[in-house]
Structure formats: C-alpha cells, structure tokens
2 protein chains.
Amino acid sequence: MSVPYKQEEHKLTMIPGPIEFSDPVLYAMATPSQAHTSPEFVKTFQSALVNTRKLFKSTDANAQPYVISGSGTLGWDIVGANLINPGDKVLVLSTGFFSDSFAEALKVYDADVDVITAEVGDVVPFDKISEQLKSNKYAAITITHVDTSTSVVSDVEKISQIVKKESPETLIVVDGVCSIGVENLEFDKWGVDYALSASQKAIGVPAGLSISFASSRAVSKALAREKDSSFFASLKKWTPIMKAYESGKPAYFATPAVQTVTALKVSLDEILSESLDERFAKHEKVSNDFKSNLSKLGLKILPLNEKVAASGLTAVYFPDGINGNDLIAKIGSKGFTVAGGIHKALLGKYFRVGHMGVSVYDGHVEKLTKAIQDSLAELK
Amino acid sequence: MSVPYKQEEHKLTMIPGPIEFSDPVLYAMATPSQAHTSPEFVKTFQSALVNTRKLFKSTDANAQPYVISGSGTLGWDIVGANLINPGDKVLVLSTGFFSDSFAEALKVYDADVDVITAEVGDVVPFDKISEQLKSNKYAAITITHVDTSTSVVSDVEKISQIVKKESPETLIVVDGVCSIGVENLEFDKWGVDYALSASQKAIGVPAGLSISFASSRAVSKALAREKDSSFFASLKKWTPIMKAYESGKPAYFATPAVQTVTALKVSLDEILSESLDERFAKHEKVSNDFKSNLSKLGLKILPLNEKVAASGLTAVYFPDGINGNDLIAKIGSKGFTVAGGIHKALLGKYFRVGHMGVSVYDGHVEKLTKAIQDSLAELK
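Residues numbered from 1 in each chain as written. Chains lettered and ligands numbered in written order. Predicted model: local features only at pLDDT ≥ 70, side-chain atom pairs only at ≥ 80, totals over all residues. Heavy atoms only, no water.

## Focus on the sheet that holds strand β8 (residues 171-175) of chain B
All names here are of chain B. Ordered in space as β2-β10-β9-β8-β5-β3-β4, the seven strands form an open sheet in which the pairing is mixed. The sheet terminates laterally at β2 (64-69) and β4 (112-117), the two strands that pair on one side only. Pairwise comparison of adjacent strand axes, ignoring direction, gives a mean angle of 20° for this sheet. With five bridges joining them, strand β5 (residues 140-144) and β8 adopt parallel strand pairing. (Pairing = 2+ DSSP bridges. Helix = DSSP H or I, 4+ residues; strand = E, 2+ residues; numbered from the N terminus. Axes fitted to C-alpha atoms, helices over the stretch in contact; angles between N-to-C directions.)

Written out as structure tokens, the structure is:
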C-alpha cells in the first residue's frame, strides 16, 4: 500500500510496545473525520473484525472478536466482569509482573484466585498445573502467553491439553498482549476460550484499542450472566455491536475510535499479506539472531532457558561494570529507545528490547545491535 | 500551527460527534511512535493535563483531570465504580437517551437510582429537583449537560445552587460529553464534583479518550473507598498516574494512547488560543444563526423552547411531506453527513446536525445551510 505520507526521522521506539508503526498505519490515523455509522467506516470496521478472526486463526463462526476503545488492561476487566462469577476460583499462572496484575484485576471482581508463580525467567512447570487442577475446581485458568517483564513465553498448547484432560469445564484465558501477531496461537485448535490483546504491540497499531477474542462457550457464559459487573466492559453490550459491524451494519453502544480502528484495518491487511506462520518464523529468526549476537557481545540474556524465550522481545542483563542508566542513555543517543526492566526481583539489573512488526521487517534490529555494540565499547 | 499535512477533500462530518478535525490535530494522530514513558511524550501528556484543567475552568490544585483510553461511556463506569457505594441513592435528571443510559450504567454498580424525566425536548423543572432532594438523601445527582438525543442544555449552575441549598453533601456529577468545549461549565465556581467528557465532540479530537475532571471532594471519596468495583476504571489506580505525568514524570498503569493524547494536546492549544468565553459565544452565535435560518426555511426545531437549546448541535423535525431518509441522503449527496434522531419517542421524525469546533470556525455551517435549502427545494 502506497500512501502520500512518510513519517519524519525519529528515535526508533524499540521497547516491548508501543512498537514502530508503518507509514500506511500512521496515515490511517490521520483519516479525515467519518461518522461512526457511515458506510465508509462500517466497511473499515467490518474488515478489521473479519481479519481479527484470522489473526487468532479462528474459523468458528460462533467465536467472537471484540475491538473496543481502551488498553490491554481493559481485557482483564472483561474477564473479571463477564467470564467469572463472584466467588469463582481462578488459577493464575504467573510468569511475572503482568500475570500478577491480572490476578489483582480478577480479585476486584471477587474471584477467589490461586497463583502458581514460576521461577523468575522461567515458566510454571506442567506438573504443578496438573496437580493444582486436580485438587480444586477452577472456573478459569489464566496464562500470560508472553510476560513482557521477563520475556518468557508460556506453552499455551501444552497447558491447554493439561486443562482439557484434568478439568475440561475450566475456561482457558490467555493474556496475549505481547503475543498476538508474533507468537503462534491456535485459538480454536487448542481450545482457548478468551484471548485478550492490545493494538500497540505485534498488531502494529498505536495504543488505544483492546482487541480480544472469545470462544462460543465464553460468549454463551457472558450472555447468560444474570447480573453485569461492569457497563463499559460488558460483553452483553458489545456482542451485538460487533456482530452488527461485522455484518456490514452500524450499531451504537459507545463511539468507536474511528481513526485507530482504521489503522487496525490497514495493519491487519499488512500482517495478512503473508501467512501468519511465515510472520512468526520471521520474528523467531530475527529474535534468535539478535539474542545470539548479544551473547557474542558478552551479554547475558534472561531467560537463560532458550526454549521459553519470546520472539517479540529480549530481556538483557546489564553487564558488570557498566551502569544501566548510562547504557540505556548511550543507546538512546544513537537513536533507539529501549526499556528498563520492571520485574520487581530484578529492578535496575536488566533492560528490554522489543522487536516486532516494522522493526523486524525494516532492519531496525540489526541497526540496534550495532548501536548496542558501539555503546558497550564506548562505556568500557 | 502550520503542519505539512492537509486532509483530503471529504464529506464533512456534521453529526453531534465525531466532529470535523483540524489538520494539525489529524497530523498529530500520525505522530511517529514514541515510548509512553519517553521525555517527548511525558511533555505532551503534561501539557494536555494542565490544559484540561483550563478547559474545565478550574484553578483548584486539588481537583484532578483524567485522560484515559476509552470512550465517553467509560466516564459512567468511573462514577459507578468510584463515587457511589452499592446501595447509595442517586438522582438522575433525564433529558433523553443518554441520561437514561447513565442511569442504567449506575444500576450495574448497584446504585439505587431515582430518575426525574423531563418532557421530551425540555429540561427537568427546578421545583421538582428541590422537592426530590428534600424527600430523599442522595449520594449523587447526575445532570446530562447536553443530551445529544434531544439537544437540550440543562442549567448546571442553577441546579448546582439548588443542590448546595437542599443537600450540600450530594455529589454533583455532570455528563459533559456534548458540552465541554462548547457550553460554559464553571467547575470550581459552581461546585461540580465530577464532569465527564470524550474527545470526539467539542474537544475536537478523534474518538478514543475519556476525559474527565474530579473535585478534591470526589477524589477523596474515590481514594478512601474500601473496595474497588472496577480495575480499569479505578481512580485509585489512575490518580497517581495522572499526577505523575502532570508533574513531568512517567508512570505506568495501562499504556496511554500516545497519538490520540498528542492530538488532544494540539487541540487544547488551538482551543485555548482564544478565551473559552469567546469560543462559547462564537458557537452560540453560529448555532443561533443556523437555527434561525432553518426556521426561515420552514423547518421546526426541537426543543421548541429556545432557552434550553444547545449551542453544539441542532435537532430538526423532518418537514411534512418529505421522507426523512431521502432528506438525509440528499444532504449527503451534497457532501455533508448529518445524523438521524435517536430519542425513542421521536424515532424517524427528526435529524441532528452537529456544529462544533472546526465546522463553526471554517464556515461549514453556512455551507450546510445552503445544502439543506437546496435539498428541500429538490425534494419538494
């Protein structure tokens, strides 16, 4: 897609979201005003919803995409307010900061939460999950597909198999904020019930949208709910709206973010111009090369276990003898924004690099590798 | 502000929001990626928050602006989840569709809601409000400043005086979705406790932001709350975030909509380049001229009582003998999107024109008047 807009030279944002955006996506953000009920926008929203299904690799017509103004965090409220009832037991698999926050959000909705916490930089052992599922009746289990605080990726397929075996009635909920669009998620095939994400990571769209996907089982549970626990996060409210737009008709509950939804439409067109598996493989290769190149520079990667390392970001320990803030500032002076670490057990000890979307395809990662190498040399 | 971007010719969106946007605002929507914690974005968000105070005419340092990804609707959840406790009595003054939806949202949070409903196209009589406040103890009263279903404007100043006299402990909550930036609201002076709005109406920014303002009394009540009823809509969560950004420091709860917040910063700079009172007077004059010109064309305006007619939009009955859909389509063919009516008592009987922001300053309203005149002539 060619557009009459080229973004200005700027410091490249290579944090685990927001990521860099393509020119056509940013140009879509500047779309002149359209009524949220106009035929033009209805067509745009319809395309975005149809393609959101593809992003989750779903072909089940009874599963349901939701694109709502908000942030990834709103997805946690949607789970709490629609998929669990007060008092329900929920099993949270914690691989870091974001899993813990998800647990906190669910408690607001009176979930009775059990947390199994992984070792820092590792995932929760499968046998512990089996054991826990045997010992209690859980309404839902939550898996943070990629926890951006530690950059570990959980094996959703394997965990789903365990759940299906031990407790098939338990809803499988995936926090895919930092995974959808970069890590494989076979929504239907693995039997996931609800996966939530946000626009600003591997989906490649400026922040401002909660993007999520529910199985027919999850939708039924939400629609059958006797009492709503939220108005704005109510799937009872949003389901008919999404169905209307996807079928080419406008509907109103709250005004959609016309420009950001238009950007989503454009980004999904870009993403789906190759197969998702090709996209995941490309991200994995660039991520592996980056991690390997950093190791060659003497840097230590978190997690140490390569098998659980995410493809969309890399967490790196600061090297001995170099001040972390100085390193981040030095990399910044070379034109790249990277992020500090946020896991409470490792604060000030590591930094994080996001490599998703445009940055993977346009050679940003290779340039950044050089910038890190030069920064290390200059600080030594 | 001059920017290297000029939006394409397009059908002018003259509905009661989303409104037309200026070129600099749309260009800001296409701002290249910035980290939500970057110094550039922190400065932008700081400016937006400082100027949001001015938009509400507040100088109370203990009052608090909130700019959150979401839509106007989210503001209702913020009220329900933070400013009332389950079982609290709330008095809703209903002037149409949006007031009734606000009542519905509050019930989700277990408010015990009483509604006083105005005659269609009129406001709630003051004596009824006094009477009701005398007969019950209300934790809060809600006023829909402008109900976009009927285009009537409620007298917030007078109602606030009544509340202060009859029940000073009752929190005064204003739905300002279609009033902030076009109708006068003296937040401090009138003693308002919480006013909620959205980006896409008179604030002149694409949809995607909930923009609201709380008095120190409302903030205290929210922070003292024992149990949260929402995670994403929790003022306990958002207050420290807003305070940090306003003081020039980043903070994290959920990723802000960097591009839309940048557009808000630009739009507030534009709005505050003249005095707010000048802005309100300009809107009032253009609105009065428009209404008067439509009357001259033989069209009947809702509300009939000019004193309660809003300045940001006009609701117009379809003339006898002309099919409403034909008229809207004919006006559309001349390059203007106007909106159908949504009040359930008058469905299919009227249409609505928004005249806020750019459309008021750039002569769109005059062009639309001509288009309506021509459309009527062609359909007769």
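## Description of the layout of surface pockets
There is about 960 Å³ of room inside the largest pocket. In this structure, the largest pocket is lined by 41 residues; those nearest its centre are Ile342(A), Arg352(A), His36(B), Thr37(B) and Tyr252(B). Taken together, the residues of the lining of the largest pocket break down into 20 nonpolar, 14 polar and seven charged. (1 Å grid on protein atoms, 1.4 Å probe; cavity = no way out; pocket = protein on both sides within 12 Å on 5 of 7 lines; lining within 4 Å. Points joined across faces, edges and corners; volume = space filled by probe spheres on them. Nonpolar A, V, L, I, M, F, W, Y, C, P; charged D, E, K, R; others polar.)

## A few points about the relation of the copies chain B and chain A
You can overlay chain B on chain A at an RMSD of 0.0 Å; the transform is a turn of 180° with a shift of 0.0 Å along its axis. Taken together, these values place the two copies in the relation of a two-fold axis. Every residue of chain B has its C-alpha some distance from the rotation axis, and the shortest such distance is that of Gly70(B), at 2.2 Å. Counting the interface residues of chain B, we find that 100% of their copies in chain A are interface residues as well, pointing to one common contact surface. (Least-squares fit on C-alpha atoms with pLDDT ≥ 70 in both. Contact = heavy atoms within 4.5 Å.)

## Looking at the UniProt feature "modified residue: N6-(pyridoxal phosphate)lysine" (unreviewed entry) in chain A
Residues and elements named next belong to chain A. The positions that UniProt labels "modified residue: N6-(pyridoxal phosphate)lysine" (unreviewed entry) are, in the present scheme, Lys201. Take Lys201: its relative accessible area is 8%, and that puts it in the buried class. Every residue in contact with Lys201, bar those within four places of it in the chain, is listed here: Pro16, Gly17, Ile19, Thr148, Val177, Cys178 and Met356. A distance of 2.6 Å separates a polar atom in the side chain of Lys201 from the backbone oxygen of Pro16. (UniProt positions renumbered as here; feature names shortened; annotations may be inferred. Buried < 20%, exposed > 50% of the residue type's maximum accessible area, 1.4 Å probe, protein only. Polar contact = N/O pair within 3.5 Å; in protein donor to acceptor, adjacent residues only side chain to side chain.)

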